[in-house]
Each structure stands twice: as C-alpha cells, then as structure tokens.
Amino acid sequence: MKKDGKLTLWERYLTNEIGIEFKACLYFFALLFFYCMYRLITGSSDAKIIHMAEMIFTCYFMGYIQMLVFWNFDEADKLGIKECVGMVVCTALYSIVSYFGGWFEKSIKVTLIMAVYLLFTYVCVFLIYRSKRHIDDKKLNEELKVFQSEHKKSE
C-alpha cells in the first residue's frame, strides 16, 4: 500500500485475481455438484476428467467476463437490469459450453435444467455477498464506535 493509503497497481491486480479465483472455485463446485448428481441419476458413478477440466477453465473465463464486462454482477448492491442481463448471458455461455462439450450427452432438457440451477446459484451468491457486506458494515461501525469512545477517553 502506498503511503497515501491507496492501493498500488499490483495490489489492485492481486485483489481482482483472488476474487476471480474464489468465484471460479465457487462456481466450479456448483457445476461439479450438478454434473455429479446428473451422472448418479443416470446410473454412472464415473465423472469424465475432460468435462471437469472444461468446467474449471470455463469458470475462470467466466470470472473474467463477470469482472470485465458485467461489473461483478454477483457482488452488486441490488439486482437491477444490468445484473440480470449479466446473469442470463453468463448462464447462456455456460449452457453453450456444456452442450457442445457434451457434459450432459447434448441433452437440451438437462442443459436447460442446469441453466435454471445456475441462475438460482447466481441469486444465492448475490444474496450471500450482500449479507456479508451488511455484516461487515455492522462490524466496522461497532469497531468505529469503540475507537471513538476510546479516543474520547484519552482526551
């Protein structure tokens, strides 16, 4: 951090990369869970490594798209039109990759169910981020009150 309290370019880059890494892991887990449930329901306890590789690479790619094109819509303060557009476009991209990657044997029905599942996941992640910000705000306000009261005592 610079002496003036601002983040350096490296720190901003690192913060963005950590955020993308976190989201890639989060959405990969969600996709992998859906994929594994699909495989179990269809009578197979095997998962294809190529599908999992496609999933994780897609999740990283989508993390960059979310950050650079769609304003980190899952971290927004409210769900407005642009956030919903981001969710729908990213879900469509995931669906296209899953269909052409053959994750669900090119079943349109399963791909659509996955799309609904992803939209639900995006809304859940949005609510989690919003709740986390609210809790962090409360915590910071409490710490500020303690600091102010201690500062007044020392005067």
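See above for the structure.
Fair warning: this is a prediction, and the values are worked out from it, not measured in the lab.

A. Broad picture of the packing of aromatic side chains. This model, assessed by the stated rule, comprises eleven aromatic pairs. A centroid spacing of 5.4 Å and a plane angle of 90 degrees characterise the contact between Phe34 and Phe104, whose relative ring orientation is edge-to-face. Of this pair, Phe34 sits in helix α1 (residues 9-41) while Phe104 sits in the loop between α3 (81-101) and α4 (108-154); the two residues are 70 residues apart in sequence, bridging distant segments of the chain. Of the two residues examined, Phe34 and Phe104, each falls in the buried class. When the ring of Phe70 is compared with that of Phe73, the centres are 6.5 Å apart and the planes differ by 70 degrees; the resulting orientation is edge-to-face. One exposure class covers both Phe70 and Phe73, and it is buried.

B. View of the nonpolar core. The biggest cluster of nonpolar side chains holds 27 residues, and the ones touching the most others in it are Leu31, Tyr94 and Phe104. Elements that contribute at least two residues to this core include exactly α1, α2 (49-68), α3 and α4. Those residues within four positions of Phe104 in sequence are excluded, and the remaining contacts are Phe34, Tyr35, Tyr38, Ser98, Val110, Thr111 and Met114.

Conventions we followed
Numbering of residues starts from 1 in each chain and follows the order in which that chain's sequence is written. Residues qualify for local features only when their pLDDT is at least 70, as the model is predicted, and side-chain atom pairs are given and counted only at 80 or more; totals for whole chains, interfaces and linings, by contrast, use all residues. Each side-chain value is worked out from all heavy atoms of the structure, with water and hydrogens disregarded. Ring pairs shown here join Phe, Tyr and Trp side chains whose ring centres sit within 6.5 Å, with only the six-membered ring taken for Trp; geometry is labelled stacked below 30 degrees between planes, edge-to-face above 60, and tilted in between. Under the DSSP-based scheme used, a helix requires at least four consecutive residues in state H or I and a strand at least two consecutive residues in state E, with every element numbered from the N terminus. Here's how the labels work: a residue is buried when its accessible area is under 20% of the maximum for its type, exposed when over 50%, partly exposed in between, all with a 1.4 Å probe on protein chains only. Joining through side-chain atoms within 4.5 Å is the link that ties buried Ala, Val, Leu, Ile, Met, Phe, Trp, Tyr and Cys residues into a set, and such a set is a nonpolar core. Whether two residues are in contact is decided by their heavy atoms, any of which lying within 4.5 Å being enough.

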